[in-house]
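# Per-entry structural report
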Amino acid sequence: MTATSSDFVKALEVGRPPNVAKLFPNSKALLVSGKVIDRAMNAKGHALALAANGRNHFVIRGVLAAAQKANAAVIIEIAKSEGGQKAYCPVNYWNMARQVDAVANELGITIPVAIHADHYGIKGDADVKSAKVEIPSMFDAGITSIAIDASHLPDEENLLANIELNSIIPAWAGLETEVGEIKGKEGLSTVPEALFLIRGLNAHGIFPDWIALNNGTTHGIEASDAGIQVELTAQIHEAIKQYGVNGAQHGTSGNSYDRLREISRKTRTTKANVATALQFVSWGLEVNDYGNAKLDESGNFIKVKGEGMTEELWAEMVAFAESKGWKKGDYKNLNLPFENKLLAQPRDVRERMCKRVEDFAYNLIANVFNASDTAPLAIDAILKAGSYDLGPKGKRIENPAEWTKEQLPKQAQGLSRDKGPEGNFED
């Protein structure tokens, strides 16, 4: 299944949001709203869009090449911790669209790509205030989709933060919300919590494309076989089905492919985030089938000779990390200080870094996420709408009068304000 060249040209004319068209007036890259990607996965059914955290340039290149090979719509994203003002990655909220657009034009990429600001964290009133300046600047820089993450706050405050910030998010943009801070088995999301958030947003005319849950996963590499709780996820998704909200699965790295296929088959998930695994793969570290980095008998990462970066540069990175006293989970902080050294390697080394990502990402897209041939479905969605703005999937069901700020304590009765120990909020 492929889109015709005329379909692609038409989609390019009408499907790029205004901020993208303004930034890249002569581009042949189809950068689209996150809504487009979500609709494509819905159209195929039981399909997950790869949402790849582009922590370095090699991940972006490799994932775009893999998506092109699989004829799949895809998402390139970065989280606030990775690419915000206190970033530990060279790819950030303000240069990600430019990198994706440039690579897509260079490689002749013709599949739709959304540019997603993941985990835009809100910890309190001060973050809401600064977000009103920062979020518009991100859309000015080409972001086409955003996740407002106030999940560690009590439910009422989470809802209010989402409502207050919605006015500065373009109506055409992809929108993700979150309930239950991601922290593994602690503080699992519940049906009442998810319903409270989605019902409250619905009453205010806000219709998210995705909701992320704490469904048992963690960020980074999954260290146990606990991981994603499929039945809990399915139960919550069924409860919010009438509101037209799909699921976003966070923390997929290290979870078994069988479990991820179950998420695809048994839940209403259309977006699957992959970050840490792609970073390790690009570097040339030995990983298992699920992207978990393997360790040697001394507890050190295993660098595969002749794959990824040069052995000399890896040794330099390890020495740098050790001089900082970093643990294995801190190696993500190597992205920013070493990007230029990685880019300065010989061409064959750079190309093998990208190829390793391409092969890993292609396997996920084609054999785990069931997302092959979703690119023409995304283009169809644009052409049917005749616009970059696909509108919401949901419609208002709730009575706004029952969801005023004064009514929220009544609506929140029975919900616990204690969200348990702090989770891995920053990743």
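This is a predicted model, so every value here is computed, not measured. (Residues numbered from 1 in each chain as written. Predicted model: local features only at pLDDT ≥ 70, side-chain atom pairs only at ≥ 80, totals over all residues. Heavy atoms only, no water.)

Another point: the side chain of Glu 178. The residue Glu 178 is located in strand β6 (residues 174-179) in this model. Polar contacts involving the side chain of Glu 178 include one to the side chain of Ser 151, which spans 3.5 Å. Dropping the residues within four chain positions of it, Glu 178 is found in contact with His 119, Ile 148, Asp 149, Ser 151, Asn 158, Leu 197, Ala 212 and His 250. (Helix = DSSP H or I, 4+ residues; strand = E, 2+ residues; numbered from the N terminus. Polar contact = N/O pair within 3.5 Å; in protein donor to acceptor, adjacent residues only side chain to side chain. Contact = heavy atoms within 4.5 Å.)

Bringing the confidence of the model for the protein chain into the picture now. On average, residues of the protein chain score 93 in pLDDT, and 93% of them are at 70 or above. Predicted confidence is poor over residues 221-225, with pLDDT under 50, and the contacts of this stretch with residues over four places away or in other chains come to 13 contacts. (pLDDT = per-residue confidence, 0-100.)

Applying the stated criterion to the full structure yields 0 disulfides. With no disulfide of its own, Cys 89 lies 16 Å from the sulfur of Cys 354, the closest cysteine sulfur. Judged by relative accessible area, which is 2%, Cys 89 ranks as buried. (Disulfide = S-S within 2.5 Å. Buried < 20%, exposed > 50% of the residue type's maximum accessible area, 1.4 Å probe, protein only.)

Below, the discussion takes up the packing of aromatic side chains. Where two aromatic rings form a pair, the distance of their centres and the angle of their planes describe that pair. This structure, assessed with the given rule, holds 13 aromatic pairs. Judged by centre distance (6.1 Å) and plane angle (45 degrees), the rings of Trp 283 and Trp 314 are tilted. Residue Trp 283 is found in helix α12 (residues 276-283), and its partner Trp 314 is found in helix α13 (residues 311-323); the two are separated by 31 residues along the sequence. Relative to Tyr 331, the ring of Trp 314 has its centre 6.1 Å away and its plane inclined at 45 degrees; by these criteria the two rings are tilted. Residue Trp 314 is located in helix α13, and its partner Tyr 331 is located in the loop between α13 and α14 (335-343); the two are separated by 17 residues in the primary sequence. Both residues of the pair, Trp 314 and Tyr 331, count as buried. (Phe/Tyr/Trp six-rings, centres within 6.5 Å; stacked < 30°, edge-to-face > 60°.)

On a regular strand, each side chain points to the face opposite its neighbour's, so the side chains alternate between the two faces of the sheet. Taking burial as the measure, the 6 residues of strand β9 (residues 269-274) include 6 buried ones, the bulk of the element. With 4 bridges joining them, strand β2 (residues 49-53) and β9 adopt parallel strand pairing. Within the sheet, the bridge partner assigned to Ala 51 lies in β9 and is Asn 273. When strand β8 (residues 246-249) meets β9, the two strands line up parallel, connected through 3 bridges. Residue pairing across strands places Gly 247 opposite Thr 269, the latter belonging to β9. Between β8 and its parallel partner β9, the chain crosses via helix α11 (residues 257-266), and the hand of that crossover is right-handed. (Pairing = 2+ DSSP bridges. Right-handed = clockwise from strand over helix to strand, strands pointing away.)

By size, the foremost hydrophobic cluster in this structure holds 133 residues, and its most contacted members are Leu 50, Val 63, Ile 122, Ile 135, Ile 146, Trp 283 and Phe 369. Leave out the neighbours within four places in its chain, and Ile 135 touches Tyr 120, Ile 146, Ile 148, Leu 165, Ile 168 and Ile 169. (Core = buried A, V, L, I, M, F, W, Y, C linked by side-chain atoms within 4.5 Å.)

Here we come to α12. In terms of residue burial, α12 counts as a mostly covered element, since 8 of its 8 residues are buried. If you check which residues of α12 are buried, you get Thr 276, Ala 277, Leu 278, Gln 279, Phe 280, Val 281, Ser 282 and Trp 283. Residues of α12 that are buried make contact with β2, α4 (57-70), β9, α13, α14 and α15 (347-368). Once α12 finishes, Gly 284 follows within two positions and takes phi at roughly 95 degrees, a positive value.

Okay, helix α1 (residues 5-14) next. For an α-helix the count is 3.6 residues per turn, leaving residues at separations of three or four pointing the same way. Among all positions in α1, only Phe 8, Ala 11, Leu 12 and Val 14 are buried. The secondary structure elements touched by the buried residues of α1 are α16 (375-385).

This paragraph deals with empty space enclosed by the protein. Considering all chains together, one arrives at 4 cavities of 30 Å³ or more under this definition. Approximately 40 Å³ is the volume attributed to the second largest cavity. Lining the second largest cavity are Thr 252, Ser 253, Gly 254, Asn 255, Tyr 257, Leu 260, Val 274, Tyr 290, Phe 360, Leu 364 and Phe 369. A breakdown of the residues in the lining of the second largest cavity according to their chemical character gives 7 nonpolar, 4 polar and no charged. (1 Å grid on protein atoms, 1.4 Å probe; cavity = no way out; pocket = protein on both sides within 12 Å on 5 of 7 lines; lining within 4 Å. Points joined across faces, edges and corners; volume = space filled by probe spheres on them. Nonpolar A, V, L, I, M, F, W, Y, C, P; charged D, E, K, R; others polar.)

This brings us to the packing of α4 against α12. Where α4 contacts α12, the two axes come as close as 9 Å, and the packing angle between them is 100 degrees. Taken together, the axis directions place α4 and α12 in an arrangement best described as roughly perpendicular. In this structure, α4 uses Phe 58, Val 59 and Val 63 to contact α12, whose residues at the interface are Leu 278, Gln 279 and Ser 282. Along the lines of polarity and charge, the residues of the contact of α4 with α12 split into 4 nonpolar, 2 polar and no charged. (Axes fitted to C-alpha atoms, helices over the stretch in contact; angles between N-to-C directions. Parallel < 35°, antiparallel > 145°, perpendicular 65-115°, else oblique.)

Attention now goes to the environment of Ser 151. Here Ser 151 shows up in the loop between β5 (145-149) and α8 (155-166). Sequence spacing of Ser 151 and Val 63 is 88 residues, and the spatial spacing of their C-alpha atoms is 29 Å. At 2.6 Å, the side chain of Ser 151 and the side chain of Asp 149 are in polar contact.

Moving on, we come to the packing of α8 against helix α9 (residues 191-203). The geometry of α8 relative to α9 is characterised by a closest axis approach of 10 Å and an angle of 30 degrees between their N-to-C directions. Taken as axis vectors, α8 and α9 run roughly parallel relative to one another. Relative to α9, the crossing made by α8 is right-handed. The segment α8 lies against α9, with Asp 155, Glu 156, Asn 158, Leu 159, Asn 162 and Ile 163 engaging Glu 193, Phe 196, Leu 197, Gly 200 and Leu 201. (Left-handed = near helix turned anticlockwise from the far one by under 90°.)

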